[in-house]
Amino acid sequence: MSTPIRAIAAGNWKMNGTVASTAEIEALVAGLGSEDPGCDVMICPPATLINIFAQIALGSRVEIGAQDCHANETGAHTGDLSAEMLAEAGATTIIVGHSERRQDHFENNETVRAKAEAAWRAGLKAIICCGESDEQRKAGEALEVVASQVVASLPEGATPENTTIAYEPIWAIGTGKTPTAADVAEMHANIRTTLNKIIGDTANEMRILYGGSVKPANADELMSVDNVNGALVGGASLKAEDFLGIIAAYKD
Ligand code: PGA
């Protein structure tokens with residue numbers, strides 16, 4: 001069943017972009033103009049660019065987010081950034097638990113939950129990521145794995161206002177492969193049911209994003225699947241033209 005949730009197209013730039021990339025944010029802001037694109041739009045650049053992007057995006061339709069944070073507010077954590085620091089730089093949202101963080105930095109569900117709480121503590125929203133590996137999907141464990149990630153990564157107090165879920169099958173990230181629309185529908189329904197069990201009916205209003213090789217060419221199909229309330233986009237968010245092509249899936 002389609003829900004009247006306002007979707008969001010969120011771009012995750014990962015470890016890409018320098019000050020020269022301000023041209024892409026300027027192009028995105030200009031490309032969107034003042035008309036309602038039919039969805040919210042966000043770019044999560046590397047932390048070094050949050051402040052400059054936030055200044056460029058001020059008063060536009062583009063929100064700026066962050067890709068990760070430390071769970072603590074301050075302390076002896078060399079190289080880390082707190083949610084409060086990211087908020088001060090101009091982020092409105094923090095992605096937590098991306099599979100690249102779970103894999104490269106050995107983050108577990110408990111860490112992810114603490115980071116989501118840190119985002120809220122700083123007055124920001126959290127996008128909590130989940131998703132199965134290729135092996136888990138082939139073994140028929142995908143639904144179970146993702147449901148258990150959602151249960152264990154979602155802090156108490158999660159609401160549709162402070163939290164978004166992003167389903168990103170690991171095998172679809174940066175590979176050009178995507179699940180079938182039927183598989184996406186099955187997984188998103190599974191996530192919705194899991195959320196219903198944890199937070200009740202309010203879960204019907206929580207955004208559940210799909211991520212993994214979303215491109216202008218497949219956005220229409222993927223974004224029209226039941227319970228898909230937007231996209232988390234990596235590679236295709238780096239160029240304003242491509243990202244605008246995905247956002248166009250939400251134009252009437
Ligand atoms: P991709 O990345 O769009 O490049 O597959 C998605 C993500 O990791 O958020």
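Residues numbered from 1 in each chain as written. Predicted model: local features only at pLDDT ≥ 70, side-chain atom pairs only at ≥ 80, totals over all residues. Heavy atoms only, no water.

A. Representation of the domain arrangement of the protein chain within the structure. When the domains of the protein chain are assigned, the result is domain 1 (85-131) and domain 2 (171-205 + 212-239). Here the C-alpha centre of domain 2 lies 19 Å away from the C-alpha centre of domain 1. (Domains from an automatic or database assignment.)

B. Broad picture of the site of the ligand. What surrounds the ligand is a group of 13 residues, the closest being Lys14, His98, Glu168, Gly174 and Ser213. At a separation of 2.7 Å, an oxygen atom of the ligand approaches a polar side-chain atom of Glu168. Between Gly234 and the ligand, the recorded distance is 2.8 Å, taken from a backbone N or O atom to an oxygen atom. Class assignment for the residues of the shell around the ligand results in four nonpolar, seven polar and two charged. (Near = heavy atom within 4 Å. Polar contact = N/O pair within 3.5 Å; in protein donor to acceptor, adjacent residues only side chain to side chain. Nonpolar A, V, L, I, M, F, W, Y, C, P; charged D, E, K, R; others polar.)

C. Main features of the sheet that holds strand β6 (residues 163-167). With parallel pairing, eight strands are arranged side by side around a closed barrel as β1-β2-β3-β4-β5-β6-β7-β8. Taking each pair of neighbouring strands and ignoring which way they run, the sheet shows an average axis angle of 25°. Sheet analysis places strand β1 (residues 8-12) next to strand β2 (residues 40-44), joined by five bridges and oriented parallel. Residue Ala9 lies in a different strand from β2, and its bridge partner there is Val41. (Pairing = 2+ DSSP bridges. Helix = DSSP H or I, 4+ residues; strand = E, 2+ residues; numbered from the N terminus. Axes fitted to C-alpha atoms, helices over the stretch in contact; angles between N-to-C directions.)

D. Spatial organisation of helix α9 (residues 216-223). Residues of α9 that are buried: Asn218, Ala219, Leu222 and Met223. Viewed along the axis of α9, the buried residues span an arc of 125°, placing them on a single side of the element. Summarising the geometry of α9, the exposed residues directed more than 90 degrees from the buried face are Ala217 and Asp220. Next to the buried residues of α9 lie α8 (181-199), β7 (208-211), β8 (230-233) and α10 (240-247). (Buried < 20%, exposed > 50% of the residue type's maximum accessible area, 1.4 Å probe, protein only. Arc of directions from axis to C-beta. Contact = heavy atoms within 4.5 Å.)

E. Examining the environment of Ile170 more closely. Looking at where Ile170 falls in the secondary structure, it is placed in the loop between β6 and α8. Residues Ile170 and His98, 72 residues apart in the sequence, show an inter-C-alpha distance of 9.5 Å. Dropping the residues within four chain positions of it, Ile170 is found in contact with Ser99, Gln103, Gly131, Glu132 and Ser133.

F. Main features of helix α1 (residues 22-32). Taken together, the buried positions of α1 are occupied by Thr22, Glu24, Ile25, Leu28, Val29 and Leu32. Buried residues along α1 cover an arc of 160° about the axis, so they all sit on one side. The elements touched by buried residues of α1 are β2, α2 (47-57), β3 (62-66) and α10. Downstream of α1 by a residue or two, Gly33 has a phi angle that is positive, lying close to 60°.

G. Local environment of the side chain of His70. Among the structural elements, His70 can be located in the loop between β3 and α3 (83-89). A relative accessible area of 18% places His70 in the buried class. Polar contacts involving the side chain of His70 include one to the main-chain amide nitrogen of Asn72, which spans 2.9 Å. In this view, His70 contacts His77, Asp80, Leu81, Ser82, Ala83 and Ala118; residues no more than four positions away in its chain are not counted.

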